Amino acid sequence: MMEKFGFNKVTNHPTSSSQSKITHNIAIPHPHPHPHLPYSQHPRQAESMRKQLLVGNAPGNDVVVANCVAVNPSDFANVPNRTPVILDGVIVYSIAKDDRMKPGYIGLAANMRSWGKYSYDQTVHVETYDIFSSGQQQQYLGAVDCSIDFVKAKANSSPLNHDDLVSIFHQKYDNQILQPTQVIYMEYHGVYYCVKIEQVQVIDVNTKDNLPSFKDSKDISTKGILMKSTDVVFYPFEGSKITISKNKSLKSKIFGGYGSETRHRARKQIINPDFKLEDLGIGGLDAEFQDIFRRAFNSRILPPEIAERLDYKHCKGLLLYGPPGTGKTLIARKLSKMLNGKEPKIVNGPEMLSKYVGASEENIRNLFKDAEAEYKQKGEDSDLHVIIFDELDSVFKQRGSGKSDGTGVGDNVVNQLLSKMDGVDQLNNILVIGMTNRLDLIDTALLRPGRFEIQIEIALPDEKGRRDIFAIHTKKLTENGLLTSDVNLDELSILTKNFTGAEIEGLCNSAKSYAISRHTKKGSLAQIDQESIVNMKITRNDFLLALTDIRPAFGTDEEDLTSQAKHGIIQFNQTIRHIFEKGQSIIDVVRSSETETLRSVLLYGPPGVGKTAIATTLALNSDFPFIKMLSAETLVGMGEAKKIQEIDSVFRDVHKSPLNVLVIDKIETIINYNPIGPRFSNDILQVLDVYLTKQPPKGRRLLIIGTTSQFSVLKHMNLTDSFNDIIAVPPVKNVEEVGKVLDRIGFMQPDDRQEILEQLSSYEVNIGVKSLIDVLMVSKYSKDTVDEVVNNIIEKMNG
């Protein structure tokens, strides 16, 4: 039978006395009992030798089943028998010195010729191979995955005992160098089998803590020594009629060779143990990554026996959500560097859709096809298949809603994904990771346990996170000495409140552009001064200029808030001081209380009394990382439905940071209040009423500061009941208070100010401080006389 496969009939008792008896104690550097010892303590390889030989057939099945290549003793006279050699710099085998081989030839069996794509009489370069020549210790195999089939197909066969197969495999091939994709012909109880090395796990003992770590590989360039402690797992070839019976526990020798005792079969490491988030270019997400590992990967790093005893169900779906630019897609792109084994499949949601009927559903099925095939073959020993969906909300919208495309394809795609993740035919070897900016758009059936059961918010980075991100994006600048000493990352992280990671990257690029612009030739925008550019440095001022270019998409810029109180807060009476004391106490409650995670305060008073200035100043004084302002200016020109959508978006935004402030300015204008009628939008009113009392998510705190000039109107609408605190902002009511305003803004000379106050003393003063300042500023630039200033103030009070 074996002649058909390119090698001669087995001779168990060779007649040639010169033929070497096959032994499995191959003369290669043996796995040391302590592999972490220095390389110099390992036995050295025999002298190096290079040959050009012609490909011939193996002289006998005894050589073939020993997984050796045959050479004439004269060709390798100075090299010990069973020395490893490498063919054409790729394939490694041990030599069997055999007189049956013609000089100048190397005997390769059919499986070897097929694997290396060799033909008879082809020239092959043969060189002795020292696996330790690099001085590294990553040359031992912790685990080997093998697929097995008959060399010649059989109609029926008894199940093969897995432990027995492993024992024979070790007996025959221990101390040999194996590599992925290698094909071995192995004899087992008188039957010849074809064994393919599908995947190996290489042990690295050169770790900081001297504990071994493992890395899986299917690359043919990966090579390692098979040890007695190597875990060998056999699976039938796909479509093979072979069945393998496995015992519940496998016994093997403990790594290190100290003795034999039962141990759990090692589960392949899913996460590279030596990766760092900084190396991946991800900053400010340490807590989120720890949560991901704990919930999504912990069950998969347990030994199979322990996971079975715990009845631990693997997580099948992980959903990352949060505002754009916070790093969700970046995590997906970098995930392949963290995971061992199979490369994750990364797909954009819209790519799944097709104009052809049924093609969209077929695209979903194809994503799971590889996982299904391997799970059918290997069961719980299958590798983890990771599928990453970006822009999940673009495809998997709520079924039966108007948000679908109207064709029914969206519903069908959702149904297909539901059935694949947790349907009748359950897969336990998949992890689907989805990313979305709009969690509220995704079909709720996808969010239940068994599907995307883990939902982790990737929120705006805090101050420490922003500093980490700056450190990542300026790492090369620092290494190359391109940053001046005045660039302070701590300062920049403070100045970039509400910035996402993407916006910080844009800020750094903008700063570089300012630095480059200083080295363009005078009179030209497109020519670089080659002499000065070599001395280019990026300065603190470049970053400050870049801050004028890059504005945060979320929250309100502090400059915009500061502009609401251009002259600061003038505490012209005790009431204003009390308002700020009350506001500060509310801020302290929101910041530190265990129960009061939502507080709201309404500032009311006639127009021009400074309600907006007080509200924005309180927001800035809170020093909360996220501040948002909702005003009539942001909603101008919008229809009712668009306004409701924008209000909904704003309230979702103010839950993106641990501490948030929302200023709602001129509430009566937002609800479309019109005194003629009176008329207002009941739908907008109801939306505000609900959101003002809606508790923020766990771990989030929110302070809402509202302002209105129509307190009685809001009271009739019962909207005032939604606020925890209601504070009246008084106008300027007497001459002394006018004097404090004049002094604060430095209006006119002291004598003129005194004359203004004397003339006003005969009138009943009642004017908002903002209105008073507006009058004074106009009078200042008009260079009005004292009498004209007084008249302007009186007109404003009577107007």
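Residues numbered from 1 in each chain as written. Predicted model: local features only at pLDDT ≥ 70, side-chain atom pairs only at ≥ 80, totals over all residues. Heavy atoms only, no water.

S.K.: Break down the side chain of serine 240 for me, with residues and values.
M.R.: By the secondary structure assignment, serine 240 is in the loop between strand S14 (231-236) and strand S15 (244-245). One polar contact links serine 240 to aspartate 149, side chain to side chain, over a distance of 2.8 Å. Setting aside residues up to four positions removed in sequence, serine 240 forms contacts with Ile148 and Asp149. (Helix = DSSP H or I, 4+ residues; strand = E, 2+ residues; numbered from the N terminus. Polar contact = N/O pair within 3.5 Å; in protein donor to acceptor, adjacent residues only side chain to side chain. Contact = heavy atoms within 4.5 Å.)

S.K.: Got a sec to walk through the packing of aromatic side chains? Specific residues and values, please.
M.R.: For the structure on display, the rule yields eight aromatic pairs. With 5.1 Å between their ring centres and 65 degrees between their planes, phenylalanine 169 and tyrosine 173 make a pair best called edge-to-face. You can see phenylalanine 169 and its partner tyrosine 173 sitting in helix H3 (residues 162-173), four residues apart, about one turn around the helix. Here phenylalanine 169 matches tyrosine 173 in class, with each residue buried. Site record: aromatic cluster; members linked through ring pairs are Phe150, Tyr188 and Tyr193. (Phe/Tyr/Trp six-rings, centres within 6.5 Å; stacked < 30°, edge-to-face > 60°. Buried < 20%, exposed > 50% of the residue type's maximum accessible area, 1.4 Å probe, protein only.)

S.K.: Break down the nonpolar core for me, citing the residues and quoting the values.
M.R.: One finds Ile614, Leu776 and Ile793 to be the most contacted residues of the largest nonpolar core, which totals 53 residues. Not counting chain neighbours up to four residues away, the residues in contact with leucine 776 comprise Val741, Leu742, Ile745, Phe747, Val789 and Ile793. Val650, Val687, Tyr691 and Met717 belong to the second largest nonpolar core, which has 30 residues in total. (Core = buried A, V, L, I, M, F, W, Y, C linked by side-chain atoms within 4.5 Å.)

S.K.: Could you give me a rundown of the pattern of salt bridges, with the residues and numbers involved?
M.R.: What the rule picks out here adds up to 20 salt bridges. With a shortest N-O distance of 2.6 Å, glutamate 372 and lysine 420 are connected by a salt bridge. On the criterion of sequence distance, the pair formed by glutamate 372 in helix H7 (residues 359-378) and lysine 420 in helix H8 (residues 409-422) is long-range, its members being 48 residues apart. For glutamate 372, a relative accessible area of 29% corresponds to the partly exposed category. Among the ionic pairs, arginine 518 bridges to aspartate 542, the shortest N-O distance being 2.5 Å. Here the residue arginine 518 occupies a position in the loop between helix H12 (501-517) and helix H13 (530-533), and aspartate 542 occupies one in helix H14 (residues 540-549), the gap between them amounting to 24 residues. When its relative accessible area of 42% is taken as the criterion, arginine 518 is described as partly exposed. Taken together, the shared-partner salt bridges connect Lys582, Glu596, Arg599 and Asp725 into one network. (Salt bridge = Lys/Arg side-chain N within 4 Å of Asp/Glu carboxyl O.)

S.K.: Residue-level account of the sheet that holds strand S25 (residues 659-664), with values.
M.R.: With parallel pairing, five strands are arranged side by side in an open sheet as S24-S25-S26-S23-S27. What marks the edges here is a single partner per strand, and that holds for strand S24 (626-630) and strand S27 (725-728). When strand polarity is set aside, the average angle formed by the axes of neighbouring strands in this sheet is 15 degrees. With four bridges joining them, strand S23 (residues 598-604) and S27 adopt parallel strand pairing. Across the sheet, the residue bridging to valine 601 is aspartate 725, located in S27. On the sheet, helix H17 (residues 611-621) packs against S23, S24, S25 and strand S26 (701-708) and is oriented at approximately 165 degrees with respect to S26. (Pairing = 2+ DSSP bridges. Axes fitted to C-alpha atoms, helices over the stretch in contact; angles between N-to-C directions.)

S.K.: Describe the sheet that holds strand S22 (residues 454-457), and please don't skip the residues or the numbers.
M.R.: With respect to topology, five strands assemble into an open sheet ordered S19-S20-S21-S18-S22, the strand pairing being parallel. Pairing within the sheet leaves two strands with one partner each, and these edge strands are strand S19 (345-348) and S22. Direction aside, neighbouring strands of the sheet carry axes that sit 15 degrees apart on average. Packing of helix H4 (residues 286-301) onto the sheet brings it into contact with strand S18 (317-321), strand S21 (430-436) and S22, and relative to S22 it is tilted by some 165 degrees. In the packing of H7 onto the sheet, contacts are made with S19, strand S20 (385-390) and S21, and the angle to S20 comes to roughly 165 degrees.

S.K.: Could you give an account of the pairing of S14, with specific residues and numbers?
M.R.: Within a regular strand, the side chains alternate between the two sheet faces. Of all six residues in S14, six are buried; the element is thus mostly enclosed. Across six bridges, the pairing between strand S7 (residues 140-150) and S14 is parallel. Note that in S14 the partner of alanine 143 across the bridge is aspartate 231.

S.K.: Tell me what's going on with the packing of helix H19 (residues 640-653) against helix H21 (residues 682-693), and back it up with residues and numbers.
M.R.: The relative placement of two packed helices comes down to the angle between their axes together with the axis-to-axis distance. Close contact between H19 and H21 brings their axes to 10 Å; oriented N to C, the two are set at 10 degrees. As summarised for this structure, H19 and H21 are arranged roughly parallel, according to the angle between their axes. For the pair H19 and H21, the contacting residues are Glu640, Lys643, Ile644, Ile647, Asp648 and Phe651 in the first and Asp683, Ile684, Val687, Leu688 and Tyr691 in the second. Here the contact of H19 with H21 is built from residues that sort into seven nonpolar, no polar and four charged. (Parallel < 35°, antiparallel > 145°, perpendicular 65-115°, else oblique. Nonpolar A, V, L, I, M, F, W, Y, C, P; charged D, E, K, R; others polar.)

S.K.: Residues and numbers for helix H9 (residues 463-473), please.
M.R.: Residues that lie three or four places apart on an α-helix share one face, since the helix turns once every 3.6 residues. Listed in full, the buried residues belonging to H9 are Gly465, Arg466, Ile469, Phe470 and Ile472. End-on view of H9: buried residues confined to an arc of 160 degrees, all on one side of the axis. On its buried face, H9 sits against helix H10 (475-479), helix H11 (489-495) and H12. (Arc of directions from axis to C-beta.)

S.K.: Tell me about the environment of leucine 618, residues and numbers included.
M.R.: Of note, leucine 618 is situated in helix H17. Taking relative accessible area as the criterion, leucine 618 reaches 5% and is therefore assigned buried. The sequence separation of leucine 618 and isoleucine 587 amounts to 31 residues, and the corresponding C-alpha distance is 8.5 Å. Residues contacting leucine 618, with those up to four places away along its chain left out, are Phe580, Gly583, Gln584, Ile587 and Ile705.

S.K.: Quick rundown of helix H16 (residues 574-592)? Include the residues and the values.
M.R.: End to end, H16 covers 27 Å across 19 residues, agreeing with the expected 27 Å (1.5 Å per residue, within 8%). Among the residues making up H16, those that are buried are Ile576, Ile579, Phe580, Gly583, Ile586, Ile587 and Val590. Projected down its long axis, H16 carries its buried residues within an arc of 120 degrees, all on one side. Residues of H16 that are buried make contact with S23, H17, S25, S26 and S27. (Expected span 1.5 Å × (residues − 1).)

S.K.: Requested: an account of a negative patch on the surface, with residues and values cited.
M.R.: On the surface, Asp751, Glu755, Glu758, Asp787 and Glu788 cluster together into a negatively charged patch. Tallying contributions element by element places helix H24 (residues 750-760) first for the negative patch, with three residues. Residue classification places glutamate 788 among the partly exposed positions, given a relative accessible area of 37%. (Patch = residues over 30% accessible without salt bridge, like charges linked within 9 Å, V, L, I, M, F, W, Y side chains within 5 Å. Areas by Shrake-Rupley, 256 points an atom, 1.4 Å probe, with all protein chains shown as cover. Lys, Arg positive; Asp, Glu negative; His and termini not counted. Charge placed at Lys NZ, Arg CZ, Asp CG, Glu CD.)

S.K.: Quick rundown of unusual backbone geometry? Include the residues and the values.
M.R.: Positive phi, normally seen in glycine, also occurs at aspartate 88, with a value near 55 degrees. Note that aspartate 88 resides in the loop between strand S3 (84-87) and strand S4 (91-97). Classification of aspartate 88 by relative accessible area gives partly exposed; the value is 33%. One non-glycine residue with positive phi stands out, namely lysine 666, at about 55 degrees. Note on placement: lysine 666 falls in the loop between S25 and helix H20 (667-670). The exposure class assigned to lysine 666 is partly exposed, which follows from its relative accessible area of 43%.

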